[in-house]
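Structure assessment
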Amino acid sequence: MGLLENKRVLVTGVTTPESIAFGVARVALQEGAHVIVANLPRAAGLTRRVVAQLHPTPEVLELDVTDDVQLSGLAGQLREHGLDHLDGLVHSIAFANPARALGGAFLTTEWDDVALSLHTSAYSLQSLAMAVRPLLGRGASIVGLTFDATVSWPDYDWMGVSKAALESVSRYLARYLGPDGVRCNLVAAGPLNTMSKRAIPGASQIDEAWAQRAPLGWDPSDATPVARAVVALLSDWFPATTGEIVHVDGGVGCTGA
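My aim in this report is to walk through the structure given alongside it, one point at a time.

This part takes up the overall build of the protein. In terms of helices and strands, the protein carries nine helices and seven strands. Relative to the compact-globule value of 18 Å for 257 residues, the protein shows a C-alpha radius of gyration of 17 Å, a close match. Dimensions of the protein, computed from C-alpha atoms along their principal axes, come out at roughly 45 × 40 × 40 Å. Going through the 257 residues of the protein one by one, you find that 52% of them count as buried.

Encoded structure:
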């Protein structure tokens with residue numbers, strides 16, 4: 001019997017086979033979950049081609065988490081696909097304009113670009129959780145993806161700020177949803193070869209730091225360790241854990257220079 005046997009899980013952010021969300025969907029299916037995935041309408045065709053590699057093939061919903069109308073209809077869409085309740089929600093969504101909010105542009109980034117990054121990458125955790133709240137019962141689990149926001153990183157700029165905000169949002173969701181029996185945690189992943197990372201100017205500097213500092217070593221081409229941590233937090237094996245950040249980074253988060 002799998003860790004997620006008969007559990008119903010919505011996974012957002014599946015875009016390519018390298019996506020962390022794709023790895024989560026794959027492992028969740030292996031562990032017995034009924035998985036539905038969601039992505040931006042303009043990327044939904046690509047998502048459908050990608051998830052066709054999985055068995056059983058998940059249904060794909062079109063969802064822009066910055067669109068209030070789409071969010072308001074999400075619970076209804078899930079019910080139409082036979083989900084009268086939801087046991088797990090995976091938030092794997094982030095965006096910052098590479099030309100104006102990343103790559104050393106921190107001191108000159110204008111508010112519109114900052115707002116877009118914060119809305120898409122941080123506020124969306126709260127808005128997505130509220131959109132599916134009618135379907136979340138006691139024991140449900142929300143898991144998001146972050147990248148260590150306790151320090152600054154080369155060229156990460158406003159995405160680093162957005163991840164710090166995401167981590168705070170997760171703690172407040174843990175506070176306010178806890179009385180309903182709903183957990184909210186984050187997984188802080190090491191750098192992986194995702195489409196999002198490729199959009200960050202200077203990402204190679206971060207890769208080099210991990211190669212030098214990870215006590216356990218780090219394979220940026222393998223999202224499976226991160227996916228397994230997400231699935232573990234979705235499962236019933238962490239019933240009293242909420243508001244936490246689990247580091248899956250080869251040990252870099254605990255090391256100094």
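The parallel open sheet is built from seven strands, whose spatial order is S3-S2-S1-S4-S5-S6-S7. The sheet is open, and its two borders are formed by strand S3 (59–62) and strand S7 (245–248), each paired with just one other strand. This sheet shows a mean twist of 20 degrees between the axes of neighbouring strands, independent of strand direction. One ladder, built from six bridges, connects strand S5 (residues 136–146) with strand S6 (residues 183–189); its direction is parallel. Along S6, the bridge assignment pairs Leu-145 with Val-187. Running over the sheet, helix H2 (residues 44–51) touches strand S2 (34–39) and S3 and is turned about 165 degrees from S3.

So, on to the nonpolar core. One broad trend across soluble globular proteins is that nonpolar side chains are buried collectively. Ranked by size, the top nonpolar core spans 34 residues in total, and within it Val-11 and Val-187 carry the most contacts. Sorting the residues of this core by element identifies strand S1 (8–12), helix H1 (20–30), S2, H2, S5, S6 and helix H9 (224–234) as the ones contributing at least two each. Discounting residues that sit within four places of it in the chain, Val-187 has contacts with Val-143, Gly-144, Leu-145, Thr-146, Val-226, Ala-229, Val-230, Leu-233, Val-246 and Val-248. Judged by nonpolar contacts, the second largest core, of 31 residues, contains Leu-61, Leu-74, Leu-135 and Cys-184.

Calculation rules
Position numbers for residues count from 1 along each chain, tracking the sequence in the order it is written. Owing to the predicted nature of the model, reporting of local features is limited to residues with pLDDT of at least 70; listing and counting of side-chain atom pairs is limited to 80 or more, with chain, interface and lining totals taken over all residues. The basis for the side-chain values is all heavy atoms of the structure; hydrogens and waters are excluded. Here a strand is any run of E in DSSP of at least two residues, a helix any run of H or I of at least four, and the numbering for each starts at the N terminus. Using C-alpha atoms as the atom set, the radius of gyration is obtained and then compared with a globule rule of 2.2 Å times the number of residues to the power 0.38. Here's how the labels work: a residue is buried when its accessible area is under 20% of the maximum for its type, exposed when over 50%, partly exposed in between, all with a 1.4 Å probe on protein chains only. DSSP bridges decide pairing: two strands pair if at least two such bridges lie between them. Throughout, an axis means a line fitted to C-alpha atoms (over the contacting stretch in the case of helices), and angles, computed between N-to-C directions, take values from 0 to 180 degrees. Whether two residues touch is decided by their heavy atoms; if any such pair falls within 4.5 Å, the residues are in contact. Residues belong to a common nonpolar core when they are buried Ala, Val, Leu, Ile, Met, Phe, Trp, Tyr or Cys residues joined through side-chain atoms within 4.5 Å.

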